[in-house]
Amino acid sequence: MKNCLGIINLSESDSNLGVLTQKRPTAMLPFAGRYRVIDFILSNMVNSGITGIGVFTGNKVRSVMDHLGSGQSWDLDRKINGLFLFTPTYDYNAINQKVGDLDLFYQNNTFLKYSKQDYILFAKSYMLANIDYNTAFKEFVESGADISMIYKKVRDRKNAYLGCDKIHFDGQGHFESVGTNLGMEDEFNLSMEMYFMKKSVYFEMLYDAIEKGSANYLKQAIFNNLDKYKVSTYEFKGNVFCINNVRNYFYANMDILKPDVANDLFYNNGHILTKVKDEPSTHYKENARIKNSFIANGCQIDGFVENSIIFRGVKIEKGCIIRNSIIMQKADIENNVHLNYVILDKRTKVNKGVTLIGDPSSPYIGGKKSLITREGEQ
Amino acid sequence: MKEGKMIAMLLAGGQGSRLKLLTSDVAKPAVPFGGKYKIIDFPLSNCSNSNIFDVGILTQYKPYLLNSHIGIGSAWDLDRPSGGVRILPPYTNEEGGRWYKGTANAIFENMSFIDELDPTYVLILSGDHIYKMDYSVMLDFHIKKNADVTISVIEVPWEETSRFGILKIDDEDLIKEFLEKPKNADSNLASMGIYIFNWKSLRQYLLDDELDSKSENDFGRNIIPNMTDDGKKMFAYKFQGYWKDVGTIKSYWEANMDLLSDDNTLDLYDRSWKIFTKNRHLPPHYISPEATVTKCLLNEGCFIEGAIENSVLFSEIKIGKKSKVINSVLLSGVIVEEGAEINNAVIMENVVIKAGTIIGSKDCDEIYLVSSTNIVES
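The shown structure was predicted, so the numbers you read here are calculated from the model rather than taken from an experiment.

### As for the overall build of chain A
When helices and strands are counted, chain A shows nine helices and 29 strands. For 378 residues, the compact-globule estimate of 2.2 N^0.38 gives 21 Å, and chain A sits close to it at 22 Å. By principal-axis analysis of the C-alpha atoms, chain A measures approximately 65 × 50 × 35 Å. Counting over 378 residues, chain A shows a buried share of 57%. Counting contacts in chain A only where the partners sit at least 6 residues apart, residues at least 24 apart contribute 58% of the total. Treating the 46 positive side-chain charges of chain A as one cloud and the 42 negative ones as another, the clouds have centres 5 Å apart.

### Considerations on helix H2 (residues 61-68) of chain A
Residue and element names in this part refer to chain A. Taken together, the buried positions of H2 are occupied by Val61, Ser63, Val64, His67 and Leu68. Taken around the axis of H2, the buried residues stretch over an arc of 165 degrees, which confines them to a single face. Contact partners of the buried residues in H2: strand E3 (35-36), helix H1 (37-47), strand E4 (52-56) and strand E5 (82-86). Among the residues trailing H2, glycine 69 stands out with phi positive, at a value near 50 degrees.

### Considerations on the nonpolar core
Within the largest apolar cluster, 123 residues are counted, with the highest numbers of intra-cluster contacts made by Ile333 of chain A together with Val55, Ile304 and Ile347 of chain B. Looking at which element gives the most residues to this core, the answer is helix H8 (residues 249-258) of chain B, with five residues. Once residues lying within four places of it in the same chain are set aside, the contact partners of isoleucine 333 of chain A are Lys315, Ile316, Glu317, Cys320, Ile322, Ile327, Leu339, Leu344 and Val350 of chain A. Met127, Ala136, Phe188 and Cys242 of chain A belong to the second-largest nonpolar core, a separate cluster that totals 46 residues.

### Notes on the packing of aromatic side chains
Within this structure, the stated rule accounts for 35 aromatic pairs over all chains. A ring pair is formed by phenylalanine 250 of chain A and tyrosine 251 of chain A, whose centres lie 5.5 Å apart and whose planes are at 85 degrees; its orientation type is edge-to-face. Given the relative accessible area of 1%, phenylalanine 250 of chain A is considered buried. The positively charged end of lysine 158 of chain A is found above the aromatic ring belonging to tyrosine 251 of chain A, 5.4 Å away from the centroid. The ring of phenylalanine 53 of chain B carries the charged tip of arginine 80 of chain B above its face, separated from the ring centre by 3.7 Å.

### Some details on the pairing of strand E8 (residues 147-155) of chain A
Residues and elements named next belong to chain A. Most of E8 sits out of view: seven of its nine residues are buried. Pairing analysis gives eight bridges linking E8 to strand E11 (residues 187-198), with the strands arranged antiparallel. Across the sheet, residue tyrosine 151 finds its bridge partner in E11, namely serine 191. The pairing of E8 with strand E12 (residues 231-235) spans five bridges and is parallel. Bridge assignment links methionine 149 to a residue of E12, and that residue is threonine 233.

### Regarding unusual backbone geometry
Residue and element names in this part refer to chain B. Positive phi, normally seen in glycine, also occurs at asparagine 327, with a value near 50 degrees. Looking at the element boundaries, asparagine 327 is found in the loop between strand E21 (324-326) and strand E22 (329-330). Positive phi outside glycine occurs at asparagine 344, with the angle close to 45 degrees. Relative to the elements of secondary structure, asparagine 344 occurs in the loop between strand E24 (341-343) and strand E25 (345-347).

### Quick notes on the interface of chain B and chain A
The interface of chain B with chain A comprises 40 residues on the first partner and 39 residues on the second. Summing the contributions of chain B and of chain A, the shared interface buries around 3200 Å²; its carbon and sulfur component is 49%. If you sort the residues of chain B by the area they bury against chain A, Tyr269, His281 and Pro284 of chain B come out on top, with a joint share of 23%. The interface formed by chain B and chain A contains three salt bridges. Across the pair arginine 34 of chain A and glutamate 300 of chain B runs a salt bridge whose closest N-O atoms are separated by 3.5 Å. Our count for the contact surface shared by chain B and chain A stands at 28 residue pairs in polar contact (both at pLDDT 80 or more).

### Examining the environment of asparagine 344 of chain B
Residue and element names in this part refer to chain B. The class for asparagine 344 is buried, based on a relative accessible area of 3%. For the pair formed by asparagine 344 and lysine 250, sequence separation is 94 residues and the distance between their alpha carbons is 9.9 Å. Not counting residues within four places of it along the chain, the set of residues in contact with asparagine 344 comprises Trp253, Ile326, Asn327, Ser328, Ser361, Lys362, Cys364, Glu366, Ile367 and Tyr368. Within polar-contact distance, the side chain of asparagine 344 engages the side chain of asparagine 327 at 3.3 Å.

### Looking at the pairing of E4 of chain A
Residue and element names in this part refer to chain A. Within E4, five of the five residues are buried, which leaves the element mostly enclosed by the surrounding structure. Alternating positions in E4 separate into two faces, Gly52, Gly54 and Phe56 on one and Ile53 and Val55 on the other, with burial throughout. Here strand E1 (residues 4-9) runs beside E4; their pairing, made up of four bridges, is parallel. Looking at E4, one finds that glycine 6 is bridged to isoleucine 53.

### Some thoughts on helix H5 (residues 135-144) of chain B
Residues and elements named next belong to chain B. Residues of H5 that are buried include every one of Tyr135, Met138, Leu139, Phe141 and His142, and no others. Relative to the axis of H5, the buried residues are bounded by an arc of 155 degrees and lie together on one face. Remark: asparagine 146 follows H5 within two positions and exhibits a positive phi of approximately 55 degrees.

### Notes on the packing of helix H6 (residues 199-211) of chain B against helix H7 (residues 219-229) of chain B
Residues and elements named next belong to chain B. Axis separation between H6 and H7 bottoms out at 11 Å; the angle between their running directions is 115 degrees. Our pair here, H6 against H7, has a crossing hand that is right-handed. Together, Ser201, Leu202, Tyr205, Leu206 and Asp209 of H6 and Phe219, Asn222, Ile223, Asn226 and Met227 of H7 make up the contact between the two elements.

Rules and cut-offs
Residues numbered from 1 in each chain as written. Chains lettered and ligands numbered in written order. Predicted model: local features only at pLDDT ≥ 70, side-chain atom pairs only at ≥ 80, totals over all residues. Heavy atoms only, no water. Helix = DSSP H or I, 4+ residues; strand = E, 2+ residues; numbered from the N terminus. Rg over C-alpha atoms; globule rule 2.2 N^0.38 Å. Buried < 20%, exposed > 50% of the residue type's maximum accessible area, 1.4 Å probe, protein only. Contact = heavy atoms within 4.5 Å. Lys, Arg positive; Asp, Glu negative; His and termini not counted. Charge placed at Lys NZ, Arg CZ, Asp CG, Glu CD. Arc of directions from axis to C-beta. Core = buried A, V, L, I, M, F, W, Y, C linked by side-chain atoms within 4.5 Å. Phe/Tyr/Trp six-rings, centres within 6.5 Å; stacked < 30°, edge-to-face > 60°. Lys NZ or Arg CZ within 6 Å of the ring centre and 35° of its normal. Pairing = 2+ DSSP bridges. Buried area = accessible area lost by both parts, 1.4 Å probe. Salt bridge = Lys/Arg side-chain N within 4 Å of Asp/Glu carboxyl O. Polar contact = N/O pair within 3.5 Å; in protein donor to acceptor, adjacent residues only side chain to side chain. Axes fitted to C-alpha atoms, helices over the stretch in contact; angles between N-to-C directions. Left-handed = near helix turned anticlockwise from the far one by under 90°.

Below, the structure written as structure tokens:
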């Protein structure tokens, strides 16, 4: 896949993730005990052999820079290709700032223009999966198509994919159109918003859209031109999680507790790479009782934990009962705390004796670095 | 030359034959310890945490795994544009090839390497010991005392003095006498095998020692006694804290078990003095609904369905249903099948314990070392 450049655009809608995305983009949400959402798409690209990856960071830059750094953890600190970061820039010549990612791509046009690859893989981070792009890329190149879309056939009884793009095929199974999922059908083809494109086609679309003012978003430009170009599709068969609201985020984490899902997500097409923290072993002490939980390194646990995801470096003291919860990095939970359906963000401290009960459809969220006491002050 | 510069020379060529099968494929410094480390991670992390970034590692016995573990030293922040970690194996020259004859000879053979770095002080370390120590504090002591040599010492139990090199000192910490493994010692200060030398003076002693055909070319047996005889200013630096030389299977097992007690002094959770190691990018561990886990260390990639108690588990270990693991150390990749029972054992890497197998019993004192081909009693 040397001839394909990866582009990850982190300007994703995060308005339904509440306080969890106050200071970070969706891509930087902690996930599954030791990862960030972006680790999956990055690792997918790297494990598939893509060596040049451009990341458009979006506005919440600090968290992105902190996590990605030089790209070393993903083997992307390279002389040839490697990781390229593009932050938003302010254009003093423009009369008004434009919305949409096309303008952002255009501002950084030199990167794509002078890259040696002939193909581009565009992706976002919020469609979380472990996918090997090699077959999809090979089929796309051999088909001679201009654009290829990756989709997954989903059964969606819980309306987890509301508002996502769905792909329609005609009677012969040929690509017909893309629309928005309003939840009218239980089964449909979910677009994973991963597009392979010939670089020449990308530039045609980009310049056309900007000159005519016909599109602000890449997706919009693609959809406008679907009848003009040859479009192929590729069906992905593994698990896909759409991280676009708190409920989906919560259930995606809980699904990791199913061993077959965990196996698919963590081992199927290579390991998921993330920033190394050098945490020691997790220490289970005398009173620890653990049931059905996914627990990262560096924790010290002396309480009861069930159906939960525990991130790196969490402390859980004696007498605690933690159920159906997501406890992020370095949270510190004192004696006799009861949690059920709770998401605790990084470095949260819960004083002894606190009880927090959320609801499966709307878990209680403890904000980053908050102190939760019995008086209820945060 | 940077005034006062200190470099470290780490002796990592030892076999550690009393560890039997544990060192049948690797040198003792590469023996796994504490759930995720190798023994050499301790001195290497100490160097990095003490701001020593020039580290020469002397290898000889079965160096392959050790070499691949160390790589270019990036795990310890020792991949430096100037200096950093250097692996120094025996080499050939015009006079033919030679093995390192002893600890002092190993340094002698790499004299040109040290001359190139041109340090004021040389720190001699052993890759066999488990401890956390700030070498820069020891250097401050060395400079303050205006010493020629400083030897780091630790108080050992009186009944064990015959296992160590014992030092007698005066009120000013000046070393009066050095006794190698004495029968009836009147001091219990043991040498930890950590020395700081003034390079100019050590250099001369190494040259002289090489000419002495009767010498064993060993720091403890030759260089230090020669310096004592010459009345060099030698001081003892008293170290307080956890220090362990794991010489036998039993002490290896005990050192791992030490980590399970709440009052263990080797605090691996101290974030200001992290122990670094090569990272393997594995997902968190999973504990199933039927598992029980008490007083244990667990690591990434483990999948636990049985009962584990008072044990240290490395990474990627599978514990089947209805199986029991008690008072044991399981190295990476071990699979314990359904209904198997393991007591007081050290199980080597990737060993499969077949369903229904019973190893050891809870009440016996013996420690069993289990490889894929045989079981050794300690």
